[in-house]
Amino acid sequence: VRVGIHTGGVLLGGGVDEDGSIRGLAVNIAARMEQTAPAGGLRISHETYVQVRGLFEVSAPEPLQVKGVDEPIVSYLVVKAKPRSFRIATRGIEGVATRMIGREAEFEALQAAFKRLFAERQLLAVSVVADAGIGKSRLLDEFQAWTEDRSETVYLFRGRATPQTQGQPFGLLRDIVAWRLQLSDDDTLDEAKAKIEQGVMPLFADEPEFAQGHAHLLGHLIGLDWKDSPHLRGILDDPKQIRNRAQHAAAQMFRRVSANNGSPVILQLEDLHWADDESLDFLNYLVEVNRDVPLLMLAFTRPTLFERRSDWSSTEGRHERIDLHPLHKQASHELANELLRKLPEVPVALTALITGRAEGNPFYMEELVSMLIDQGAIDASGDPWRLHVERLLATKVPSTLTGVLQARLDGLPADERLTLQEASVIGQVFWDRALLALDGETGATLPRLVQRELALPRHDSELDGLREYAFKHAILHQVTYGTVLKRQRKALHAKLADWLAAQSQSGSARAGDFLGLTAQHYAEAGDAANAAEFHARAAEHATTRMAHGAALEHTAQALALLDKAGESSAQAPLRWRLLHARERTLSVRGERERQGADLDALDRWAEVLGDDAKRAWAAYRRGTMGMSTSDHTECERSARRAVALAETALAAWADSPQPGNVLSELHELRLLSLRLVGDALGRQCRWDEAEALLEQTLAEAREIPLLQAEVHCLGGLSEVARARNDPVRRFALAREALALSRQLVDRRIEAIALLNVGISRLSLGDLAAASGDLEEALRLMRQNGDRAPECGTLCNLSGLALWRGDDARALALARSALDTAVAVQAPFLEAWSALKLGHAEAAMGRPVQAAQAYGRAHSVAQAFGFAFQCDASAGLAGLALAQGDAPAALREVEAMLARAEATTEEGTGDGSSDAASVFEGAEYPSLIELIVHQVLAACSDLHAGAWLQRAHTALLSQADAITDAALRQMFLANIPHHREIVALWARKQAEY
C-alpha cells in the first residue's frame, strides 16, 4: 500500500508493513510530504507518478529534502484528473513499473521528430512498425510521458483502431473525434450531437453561416444520424458531397486548433493496422491538404498495414519509418532482471529461462513471469517476492507464447476462465454491459480479471453505465477465443447478436456502428436470415457515407448467405436492397462492367416483385450509366423507359393509400428521367428537341414543386444556350439556378451554380463580378472537397487573371488546376488545364514551356475527342507566329482549315459558316478564328480577310443580343481577343 492520509492533505509514497505500521524511513518521507501538501491536496512520489502519469495533471517535479535520505526525494502535486486518459494499464508485472529497455535509439528518433515539428512547423508523419508484443505501446507510453514533461505546448488528438472498428466506416476517425470531444459510447444521440456542436462550431467562428453545417456533416460522417439537419436534408441522396464536406471539416479542425495560438498538433494513432479503409483514406487526405500545418502524425502499427496500403503516408520526404526489432541478448537480460527486481536474488537459471524462449519479445517475457506467479513458482504476495525453487523445477514452461498464455488460462479459477472466454466472443475490446448480457455473474469475476491484468479497463471510456475493457494483448484474445467450445460459441454469439441488435435500434449515438458487428455475430451463430438483414442495413449505412469498401463487403457477405439458402421469391425485397446499394457504389467507383451486371439483376428482381417503381429506378440508373460512358443513345432509351414506367406506377397508385413520400419520390424520379432524356438529346446536338423537353420538365417541376429537378433543368437549358452562342440567356438561366440551389441548402449544387454564374459573367466580359463569383465558388468547393469542379473553377480564374494582365497569378492557378485534374483522373479537365497553362506560359514569355503545355492539351484532347485540340493548335500557331515562323504556324492550322472547308460544304449551301459550327465545343471559337486570320495574313493568303470577317460577324451577332449598353461594352472591350477583333476590323474598314 502506498497511501498515507492526513487531515491537512493526502499523500502517497511511503510503505506499510503487514501489521499496518509504517516503516521508519517511510515515516520521515510521509511526514515531509504531508507537511508540504496543501490542505485538501494530494502529493505523490516519483514512483507513484510513474504508475499514474497520463491520468492526472501534476505540477512540475519538486525536490524534497528528507531526514535520513542523502538525495532529495522527487515529488509532485496533483492538480486534477485529466478529462480523458488513453492509457490502458501500468506496464509491468503485478503492478511493478519497469523501465523501458533496449529502445533508446527509437526513443531518440521520436524525440527528434518532436523537436523538428517545432523547428520546421510543417507536417511530419512517423510510423513505428513492429510485430505483436515487441514494444510499440511501451514506446508510445514513454514518448507520451516525455512530451507531458516538456515545457512546449501541443494540442493532442488520439485514436485507436480495433478489430471491431476495421469493418466500421470511419471508425478510427470517430475514435479520434470522440476522444477529443469527450463522446462516450453511452451517450444518447442528442448528447453526442450537443458535444459535436460545442466542440466544432467555435473553431469556425469566422464562418458563422457554415459552422453548424461543418459540425453536423462531421457528426453524420462518423455515424451520428443527423438526417433531419437543415444542412443535410437536401443532400442525403448525394453521399459524395457529404463525405467530401465532412472530411474538409475534419481536416480544418486540425488546422484551426493549431491556429488558435500557433501551437503544433500531435495525432497519436494506435494499432493502425486495424484501421478501416475510409479512415485511412481520410488520413491520407489530411496529409495532402495540411502539409503546411505543424502536425505530427504518429502511427503505431504492425507491418501488415503496408501489405494493405503500400501507399500509406507517401508524403514526399515528410514520412519516417521506425522499425522495432526483438530485443538483443543483453537488453533481454536487463528486462528480465527488471521484471524480477522484487526478488532478493535472481538466479542465473531463472533469467535464462525467461529470456531463452522469448527471442527478444518483451510481452512473452512478461507473460512468462506472470505464469510463474500464477503457478506459485514465484510468490508475489509480499515484498520482497519469494522464489520457490521446487515449484519452479516442477513447472513445465511452454515453448511458445501461445503455450504460455494457454497455461495462464488453464490456471485460472473456472468462473474467471469462463468470464474471459465470454469476453473473447465479444472481441478484443468489449463492454461490461455486453458481457453481463451473456452472463449475469460476470459482474463479480470481471474485477478479478482486471486485478490479474488479463482484462484492462480503458480509462478514456469510463462513463455512466457503460465501460469498455480490452484484453491485455491481441494474442491473449485469440488464444482465449480458441478455447471456447464450438457449441458454446454459437449460443454466445446469438446472445451477443441480440444485444447488439437492440443497441442498433436504441437511439444511441453509436446505433449505426453496431450494424456490421450484429451481422457478423448472427452469422457466427448460424442465423443466416438475421445476418443477411443486418449486412444489408450496414451496407445501406455505408453507402450514405461513401464507404465503398464496407458497402461492397457487406453486400457480398449478405448475397453469399442468400445464395447458400437458394434463390426464392421471398428473398426478392432483400436482394433488391442489396443490389440497389451495391450498384450505386459501383457507379461511383466507375466499375462499369460490374455495375451493368447489377443493373441486369435489378431488372430481374423487379420483375419478380412485379413493381413498376423498381423497374423505373433500374431503367433510370441504366440511363445515368449511359451518360457516364458517353453512350448517349442508350442513355436516351433507358431514360425514356424510366419515364414510362414511373408514369405507369403513378397511375396505378393514384387511388391507393400509398405514403406521400413514395408518390413524391416517384414524381421526382419521373422528372429526373425526363431531364436525363433532355441531356442525352443535347449531347447528340439535337438542341431543339432538348430545349422543348427541358422546358416541359421545368414547368412540371415548378408545378409540383421539386426544386432539385428545377435546378437540373435550368442547368440543361443553360447548356443549350451555350451551344447556341446566347450568353445573355445563359447568364439568366445560371442566375435562376443559383437562386433555387440556395433554397435547396445543397452546397455542392450551389457551388456549381455559382461557378456557372461566374463563367457566364466571364463570357460577357464582366470581369469584376465574375471574379467575386468564381472566388466564392472556389471557396465553397474547397469546403465541399469537390475537386473536379474546383479544377474547372481554377481554369476560369486563370483565364480571368490573364485577361486582367496578372500573368504570374494566371500561371500559378493553371498549375494548380493541372495538378488537381491529374489527381482526380479527369482527362477533360487535364486537357483544359494544360491549355490554360499554355496560355499563361506564353504570356510570361516562356515559349518552350508554353509549347509543352499546348502539346499536352492537344494530345489528351485528341485521344478523347475533345474540341480543345483546336484551341491547342491555335495556341501553337500563335507561338510560331510570335517567333516569326509563319510556315510552322500554317502547319498548325491546316487541319482546322480543312475542317472549316468541310463544314462549309455541308452547311447552308451559301458558303457561310460560323465559329460555333466549325469549332463546336472549343473554349473560344472566336479566338481560334482570329489566330487563323493572323496566320493566313502572315502567309499572304487571300482567305485571311474572310476569316476576320467571319470572326467579326459572329462577335457582333452575340453583342447585338446584349440589350444592356454597359454590359455590351464590357463584352466587346474587356475580353482581349474580342477587343482585338474589333480593332482589326476597324483598321481594315479604314483602309477601304
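Quick note: structure is the one above.
Analysis parameters
The written sequence of each chain sets the order in which its residues are numbered from 1. For a predicted model such as this one, the threshold for reporting local features is a pLDDT of at least 70, and the threshold for listing and counting side-chain atom pairs is 80 or more; totals across whole chains, interfaces and linings nevertheless cover every residue. With hydrogens and water set aside, each side-chain value is computed from the structure's full complement of heavy atoms. Note on aromatic pairs: the rings of Phe, Tyr and Trp (six-membered ring only in Trp) are paired at centre separations within 6.5 Å, and the planes decide the class, stacked below 30 degrees, edge-to-face beyond 60, tilted for the rest. Think of it this way: any DSSP run of H or I at least four residues long counts as a helix, any run of E at least two long counts as a strand, and we number them from the N terminus. Any residue under 20% of the maximum accessible area for its type is buried, any over 50% is exposed, and the rest in between are partly exposed; the area is computed with a 1.4 Å probe on protein chains only. For helices, the fitted line uses only the C-alpha atoms of the stretch in contact; every axis is such a line through C-alpha atoms, and the angle between N-to-C directions lies from 0 to 180 degrees. Each crossing gets its hand from how the near helix is turned against the far one by less than a right angle, where anticlockwise is left-handed and clockwise is right-handed. Two residues qualify as a contact provided that any one of their heavy atoms is within 4.5 Å of a heavy atom in the partner residue. When residues are grouped by polarity, Ala, Val, Leu, Ile, Met, Phe, Trp, Tyr, Cys and Pro land in nonpolar, Asp, Glu, Lys and Arg in charged, and all others, Gly among them, in polar. Expected helix span is given by 1.5 Å per residue-to-residue step, counting one fewer step than there are residues.

Asker: Describe the packing of aromatic side chains, and please don't skip the residues or the numbers.
Answerer: A full pass over the atoms with the stated rule returns 18 aromatic pairs. Each ring, one from Trp-499 and one from Phe-514, has its centre 6.5 Å from the other, and the planes form 70 degrees; the classification is edge-to-face. Note that Trp-499 is positioned in helix H20 (residues 486-504) and Phe-514 in helix H21 (residues 514-524), a separation of 15 residues in sequence. For Trp-499, a relative accessible area of 14% puts it in the buried group. Take Phe-514: its relative accessible area is 6%, and that puts it in the buried class. Centre to centre, the rings of Trp-832 and Phe-868 are 6.2 Å apart; their planes meet at 20 degrees, and the pair counts as stacked.

Asker: So what's going on with the packing of helix H11 (residues 329-339) against helix H13 (residues 362-374)? Which residues, and what values?
Answerer: For any two helices packed against each other, the geometry is given by the interaxial angle and the distance between the axes. In contact at an axis separation of 11 Å, H11 and H13 are set at 35 degrees when each is read in the N-to-C sense. Between H11 and H13 lies a crossing of right-handed hand. Judged by residue contacts, Ser-332, Leu-335, Ala-336 and Leu-339 of H11 engage Pro-362, Met-365, Glu-366 and Val-369 from H13. Classifying every residue of the contact of H11 with H13 gives six nonpolar, one polar and one charged.

Asker: Would you mind going over unusual backbone geometry in detail, with residue names and values included?
Answerer: Across residues other than glycine, the phi torsion is negative in most instances, and most of the peptide bonds are trans. Cis geometry marks the peptide bond from Asp-383 to Pro-384, where omega comes out at 10 degrees. The residue Pro-384 is located in the loop between strand E14 (378-379) and strand E15 (386-387) in this model. Here the amide bond leading from Ile-704 into Pro-705 is cis, since omega sits at -10 degrees, within 30 degrees of zero. Mapping Pro-705 onto the fold places it in the loop between helix H29 (687-703) and helix H30 (707-723). Phi at Gln-182 is positive, roughly 65 degrees, even though this residue is not glycine. Structurally, the position occupied by Gln-182 is in the loop between helix H5 (171-181) and helix H6 (189-200). Gln-182 sits in the partly exposed class, given a relative accessible area of 28%.

Asker: Describe helix H41 (residues 925-938), naming the residues involved and giving the relevant values.
Answerer: In this model H41 runs 20 Å from its N-terminal to its C-terminal C-alpha over 14 residues, within 8% of the 20 Å that 1.5 Å per residue would give. Among the 14 residues in H41, 10 count as buried, and that is most of the element. Residues of H41 that are buried: Pro-925, Ser-926, Ile-928, Glu-929, Leu-930, Ile-931, Val-932, His-933, Val-935 and Leu-936. Directly beyond the C-terminal end of H41, a positive phi value near 55 degrees is found at Ser-940.

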